[in-house]
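One letter stands for each residue in the lines below.
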Amino acid sequence: MRYMVIVKASKDSEAGVMPSEQLLTDMGNYNEALVKAGVLLAMEGLHPSSKGARMRFAGKERTVVDGPFSETKELIAGFWLWQVRSKEEALEWLRRAPFDDGTELELRQVFELDDFGAELTPELRAQEERLLAEVAAKA
């Protein structure tokens, strides 16, 4: 099963403060362990919300709201995508993450095609599988 680990934003990440060399070293070692274990599928850090935008949908109308966004606790600073056998395995990996006081991580299971049940018709499944194969071929 796949899980997304969401690294919540902080005042520092929203201010554009870059991690220290020590944290980058520790994170590199942690990520290397994830790769060697076959857990890591993807990872990315995100720029502050001041460089982002939100789009609101109301019927056919689209409204763009430029960042920054005020609720830091609701923002994300980065993520990992992991392939693990269970939620418990993902939590064990999280316990080893090299973060300090105040960092908050959120763990969320990623939907698999089978999770959508009968609403995912054979035609829709074929389309999704084709699109995923195209994305994988470009990676």
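Up top you'll find the structure we're talking about.
Residues numbered from 1 in each chain as written. Predicted model: local features only at pLDDT ≥ 70, side-chain atom pairs only at ≥ 80, totals over all residues. Heavy atoms only, no water.

J.: An account of the sheet that holds strand β6 (residues 105-109) is requested, with residue identities and associated values reported.
T.: The sheet built from four strands is open, its strands ordered β2-β5-β1-β6 with antiparallel pairing. At either margin of the open sheet sits one strand with a lone partner, and together these are β2 (40-45) and β6. Strand-to-strand twist of the sheet, defined as the mean angle between neighbouring strand axes without regard to direction, takes the value 15°. Alignment of β2 against strand β5 (residues 76-83), held across five bridges, turns out to be antiparallel. Residue Gly45 lies in a different strand from β5, and its bridge partner there is Gly78. Relative to β5, helix α2 (residues 21-36) is tilted by about 25°, and along the sheet it contacts β2 and β5. Sheet strands touched by helix α3 (residues 87-95): β1 (2-8), β5 and β6. Its angle to β6, the strand with the most contacts, is close to 160°. (Pairing = 2+ DSSP bridges. Helix = DSSP H or I, 4+ residues; strand = E, 2+ residues; numbered from the N terminus. Axes fitted to C-alpha atoms, helices over the stretch in contact; angles between N-to-C directions. Contact = heavy atoms within 4.5 Å.)

J.: Any chance you could break down the pattern of salt bridges for me, citing the residues and the numbers?
T.: A full pass over the atoms with the stated rule returns nine salt bridges. One salt bridge connects Arg85 with Glu89, and the closest N-O pair in it is separated by 3.8 Å. Its salt-bridge partner being Arg130, residue Glu134 comes within 2.9 Å of it at the nearest N-O pair. Here Arg130 and Glu134 lie together in helix α4 (residues 122-138), a separation of four residues that amounts to about one turn. Relative accessible area serves as the criterion here: at 37%, Glu134 is assigned to the partly exposed category. What makes Arg130 partly exposed here is its relative accessible area of 43%. Several salt bridges share partner residues, and in doing so they unite Lys8, Glu106 and Arg108 into one network. (Salt bridge = Lys/Arg side-chain N within 4 Å of Asp/Glu carboxyl O. Buried < 20%, exposed > 50% of the residue type's maximum accessible area, 1.4 Å probe, protein only.)

Remember, this is a structural readout, not a statement about activity or role.
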